[in-house]
Amino acid sequence: MTTPDSWQKSSFSGGGDGNACVELATEAHTIRLRESDTPSIELTTSPTPLAHLLHGIRSGALGSV
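Residues numbered from 1 in each chain as written. Predicted model: local features only at pLDDT ≥ 70, side-chain atom pairs only at ≥ 80, totals over all residues. Heavy atoms only, no water.

Enquirer: Whenever I open this one, the pattern of salt bridges confuses me. Can you help?
Expert: Where side chains of opposite charge bring their charged atoms close, a pairing between them can arise. The tally for this structure, following the rule as stated, stands at three salt bridges. One salt bridge in this structure joins Arg34 and Glu23, with 2.7 Å as the shortest N-O distance. Taken as a pair, Arg34 in strand S3 (residues 30-35) and Glu23 in strand S2 (residues 22-27) lie far apart in primary sequence, eleven residues in all. Each member of the pair, Arg34 as well as Glu23, is classed as buried. Glu42 serves as the salt-bridge partner of Arg32, at 2.5 Å between the closest nitrogen and oxygen. Residue Arg32 is found in strand S3, and its partner Glu42 is found in strand S4 (residues 38-45); the two are separated by ten residues along the sequence. What emerges from the salt-bridge pattern is a single network uniting Glu27, Arg32 and Glu42. (Salt bridge = Lys/Arg side-chain N within 4 Å of Asp/Glu carboxyl O. Helix = DSSP H or I, 4+ residues; strand = E, 2+ residues; numbered from the N terminus. Buried < 20%, exposed > 50% of the residue type's maximum accessible area, 1.4 Å probe, protein only.)

See the structure below:
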C-alpha cells in the first residue's frame, strides 16, 4: 500500500483541506487515483491508458455526462 505522504492532490481540486479532491500516487509504471473522501477505494492504471482517458475528456470525444 502507498504511504499517505506519497499522494498528491489535484491542482483542479481547489484550495483548503477539505475532502473533495482527487489524489494521485505513482509507483514505477503504475498510477493510482482516489477520492479523498473515500481513500480506501483506488483506481489503478498505467500512463498510456490514463493519457488516452484524459485526451478523450479534454477533446469531448467521450460525450457529455
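Okay, back to it.
Enquirer: Even after reading the chapter, I still don't get the layout of surface pockets, so can you show me in this structure?
Expert: Summary: where empty space remains is shown by rolling a probe the size of a single water molecule over the atoms. Here the largest pocket is characterised by a volume of approximately 290 Å³. Forming the walls of the largest pocket are Ser10, Phe12, Val22, Leu24, Leu33, Leu43, Leu50, Leu53, Leu54, Ile57 and Arg58. Elements with a contribution of two residues or more to the lining of the largest pocket: S2 and helix H1 (47-59). For the lining of the largest pocket, a count of residues per class yields nine nonpolar, one polar and one charged. (1 Å grid on protein atoms, 1.4 Å probe; cavity = no way out; pocket = protein on both sides within 12 Å on 5 of 7 lines; lining within 4 Å. Points joined across faces, edges and corners; volume = space filled by probe spheres on them. Nonpolar A, V, L, I, M, F, W, Y, C, P; charged D, E, K, R; others polar.)

Enquirer: Is there a simple way to explain the pairing of S2 in this structure?
Expert: The side chains of a regular strand alternate between both faces of the sheet. Bridge count between strand S1 (residues 8-9) and S2: two bridges; the pairing is antiparallel. Paired with Lys9 across the two strands is Glu23, which belongs to S2. Looking at chain direction, S2 and S3 are connected through six bridges and run antiparallel. In the strand pairing of S3, Leu24 is matched with Leu33. Between S2 and S3, which follow one another and run antiparallel, lie two residues, and Ala28 among them has a positive phi close to 45°. (Pairing = 2+ DSSP bridges.)

Enquirer: What should I look at first to understand the environment of Thr44 in this one?
Expert: Inspection of the secondary structure puts Thr44 in strand S4. For Thr44 and Arg34, which are ten residues apart along the polypeptide, the C-alpha to C-alpha distance reads 9.0 Å. Setting aside residues no more than four positions away along its own chain, Thr44 makes contact with Thr30, Ile31 and Arg32. (Contact = heavy atoms within 4.5 Å.)

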